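As a plain string of letters, each chain reads:
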Amino acid sequence: MAPFRAPPPRPRDIWPTRLLIAAGVIACLYLGREVLAPLALALLLTIAALPAVAWLERKHVPRIPAVLLVMLVFISVVIGMAYVVLTQAFALAAELPNYESVLREKLRTISQEGSGPIERLMHLVRRLGEVLTPAEASPATTVTVAAAEQGPLSTLFSLAVVIIRPVATLAITLLLMTFILVRYEDVRDRALRLAGTHEMHRTTGAMADATARVGRFLAMQVLINAIFGSSMGLGLWLLGVPNAPLWGALGFALRFVPFLGAPLSLLFPLLIAFATTEGWHTVIMVVLLFAVVDVTVTYLLEPWLYGSSMGIAPLALLLSSAFWAVMWGPLGLILAPAITACLVILGRHVPSMSFLEVLLGDSPPLPEPARFYQRLLAGDAPGAAGLLGTEAGRNGVDSALERFVVPAIHQIAADRPNEAFGPALAIRTSRLLTQVLEAVSAPDEGPAEILVVPVAGALDHAAAAAAAMSLGEAGHLVTTSRTSALKPEVVILVAAYEAPPHRFARVRAIAQRLTPHILVYAATDEAAMGLYRSTPELPVINTLAALASDVDAIMSPDQRSEAAGPAPRAAREA
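Residues numbered from 1 in each chain as written. Predicted model: local features only at pLDDT ≥ 70, side-chain atom pairs only at ≥ 80, totals over all residues. Heavy atoms only, no water.

Colleague: Explain the overall build of the protein here, please?
Modeller: For the protein, the helix and strand inventory stands at 23 helices and 5 strands. Buried positions account for 39% of the 574 residues belonging to the protein. Sequence-distant contacts, at least 24 apart, represent 74% of the contacts inside the protein between residues at least 6 apart. When the accessible surface of the protein is totalled, it reaches about 32500 Å², and 68% of it is carbon and sulfur. (Helix = DSSP H or I, 4+ residues; strand = E, 2+ residues; numbered from the N terminus. Buried < 20%, exposed > 50% of the residue type's maximum accessible area, 1.4 Å probe, protein only. Contact = heavy atoms within 4.5 Å. Areas by Shrake-Rupley, 256 points an atom, 1.4 Å probe, with all protein chains shown as cover.)

Structure, rendered in structure tokens:
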């Protein structure tokens, strides 16, 4: 088996160009956030609405009426939620003064007799302020600038600005969404033309994958967040927390924010329960309610409803959320999962963008054989043994040897001439590989019918341990200790490097004194060619499967009854 090799490095002079391009893209995203953020939201909402429009068209509803009907349903849902939130918020604002006495009593309990934590914290702050304030400063020399009180018109104008901005963003988003749904084929074809028609299969596959994956994710996210919000609202209503529908709707909306949304949705009902109910029973019950609902939704419903994830690593999603929050504010924080998923899909389908899948995707960054070899290089015997043992338990010992051990032996032999690798690292890695093999399945140390003998170096010992492990799994009594095998039936000579002729001749002479049945196993092509040149009369085996086959032929009853003769000749693959 050929050693695994990393792709050749690309020229270094392209990286400055890539960095300049990345900096330009980031600058455009930040400067154009007022236009690009609503456009991205409109595209995602379009992907979520496409299945509904397609279903109506299959029911023979024309495109424009189908789009208008879907948009009407969407706007009705948005207006309904806004109505619930506003009415509940106004009701809460009207009722808050009635709870002032309860809040005063609880704050007095916490800071009772000057020994509560709040009182101690305030006292500490006052003392630190006295230390940090210069002694020569006096109230007479302190300049205090008081903010001018705003008139009624200024207050109304500020409130209008706060309200009009998100409403305008929503209106632009809905307008873009309607246009894209009506002219979906035209927008898709223009995107294909911009991407280029020479590799249309890649672009088409990426668009289909993004539409299916992101659309399903958005639909399931809406469903799961609705379950979370309705469960929290119902539970808070049963606990007697005021304005429970408001907190349920807030939980539904905030849970679209990755990582922080669900904890933030707990903060507001917790404060209301603290301020409006006597004692601590309701406060504790609100925390327990959130824990039960959040754990159930996160660890039971999400894996079941999502099926497969969006393919984003958790750390990548966290960093992406921080990046898009800086670029586009709260809207970027909400859009971060879907945008990151689109980038992962882009890296999966476009070879030049494959680094995006490595950086952001949740697939293993290294293949398991490469991870095994890396653990050997790092000196992590438990980690390498864990990988080998897991594969052996899952698919059998032979599969573990073929997937992990044989490629590692080839790689050590191929890397040894490298100046940066060197013989010292090769010996250390080979010895560690031998320890891992013995830890996973140690060969028998008693009298055995098969003796496996390494020819020379540390890598030969590792290859011998692998051969012994393979034959032992097949049911043979195998050992690698020359003193423990009194009279073996078969002796297997193992080489992983091109062994010096005198070393091989000495080991071969020892084997000939023990048994006439001698097999030669070359773990690498280099060893096979060297043995073939030095001893062309001996058959050389270079796979574990062929070695097991020849051993079975020798150990068969017919072969046992025959007189001593030459070993069966294996196929030469070198």
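Colleague: Would you explain a nonpolar patch on the surface in this entry?
Modeller: On the surface, F259, L260, L264, L267, F268, L271, L315, L318 and L319 cluster together into a nonpolar patch covering about 870 Å² of accessible area. Those elements that provide at least two residues to the nonpolar patch are helix 10 (261-276) and helix 12 (314-328). Within the element layout of this structure, L315 appears in helix 12. For L315, a relative accessible area of 57% corresponds to the exposed category. (Patch = residues over 30% accessible without salt bridge, like charges linked within 9 Å, V, L, I, M, F, W, Y side chains within 5 Å. Salt bridge = Lys/Arg side-chain N within 4 Å of Asp/Glu carboxyl O.)

Colleague: Explain the environment of A91 here, please?
Modeller: Tracing the backbone through its elements, the reader meets A91 in helix 3 (residues 63-95). Each C-alpha atom of the pair A91 and N243 lies 7.8 Å from the other, and the pair is 152 residues apart in sequence.

Colleague: Please explain the side chain of S265 as it appears in this structure.
Modeller: Examined against the element boundaries, S265 turns out to sit in helix 10. A relative accessible area of 2% means that S265 is categorised as buried. Residue contacts for S265: discarding those within four places in its chain leaves F228, G251, L254 and F290.

Colleague: So what exactly am I meant to see when it comes to helix 19 (residues 458-473) here?
Modeller: An α-helical turn contains 3.6 residues, so a residue and the one three or four places further along point in the same direction. If you check helix 19, its first and last C-alpha atoms are 23 Å apart, about what 16 residues at 1.5 Å a residue would give, namely 22 Å. With 13 of 16 residues buried, helix 19 is to be regarded as a mostly interior element. Just past helix 19, the residue G475 takes up positive phi, approximately 105 degrees. (Expected span 1.5 Å × (residues − 1).)

Colleague: For this particular structure, what's the right way to read the environment of Y30?
Modeller: Mapping Y30 onto the fold places it in helix 1 (residues 14-31). By relative accessible area, Y30 is classed as partly exposed at 38%. Between the C-alpha atom of Y30 and that of M327, which follows or precedes it by 297 residues, the distance is 5.3 Å. Residues contacting Y30, with those up to four places away along its chain left out, are V326 and M327.

Colleague: Just checking my understanding: could you explain unusual backbone geometry for this structure?
Modeller: Working note: non-glycine residues mostly have negative phi, and peptide bonds are mostly trans. The phi dihedral of N243 is positive, around 55 degrees, even though this residue is not glycine. Along the polypeptide, N243 turns up in the loop between helix 8 (200-239) and helix 9 (244-254). You can call N243 buried: its relative accessible area is 10%. With a phi close to 70 degrees, F259 is a non-glycine residue in the positive phi region. One can find F259 in the loop between helix 9 and helix 10.

Colleague: Help me understand the pattern of salt bridges in this model?
Modeller: Working definition: two side chains of opposite charge can pair if their charged atoms are close together. In total, this model carries 13 salt bridges according to the counting rule given. As a salt-bridge pair, D186 and R183 come within 3.9 Å of each other at their nearest N and O atoms. The salt bridge involving R403 is made with E368; its shortest N-O contact spans 3.2 Å. One end of the pair, R403, is in helix 17 (residues 397-415); the other, E368, is in helix 15 (residues 368-377), with 35 residues separating them in the sequence.

Colleague: Would you mind going over the packing of helix 15 against helix 16 (residues 381-395) with me for this structure?
Modeller: Helices that pack against each other are described as a pair by the angle of their axes relative to one another and the distance between those axes. At their nearest, the axes of helix 15 and helix 16 sit 8 Å apart, and the two run at 145 degrees to each other. Handedness of the helix 15/helix 16 crossing: left-handed. In this structure, helix 15 uses E368, R371, F372, R375 and L376 to contact helix 16, whose residues at the interface are G383, A384, L387, L388, E391 and R394. For the contact of helix 15 with helix 16, the residue count by class is 5 nonpolar, 1 polar and 5 charged. (Axes fitted to C-alpha atoms, helices over the stretch in contact; angles between N-to-C directions. Left-handed = near helix turned anticlockwise from the far one by under 90°. Nonpolar A, V, L, I, M, F, W, Y, C, P; charged D, E, K, R; others polar.)

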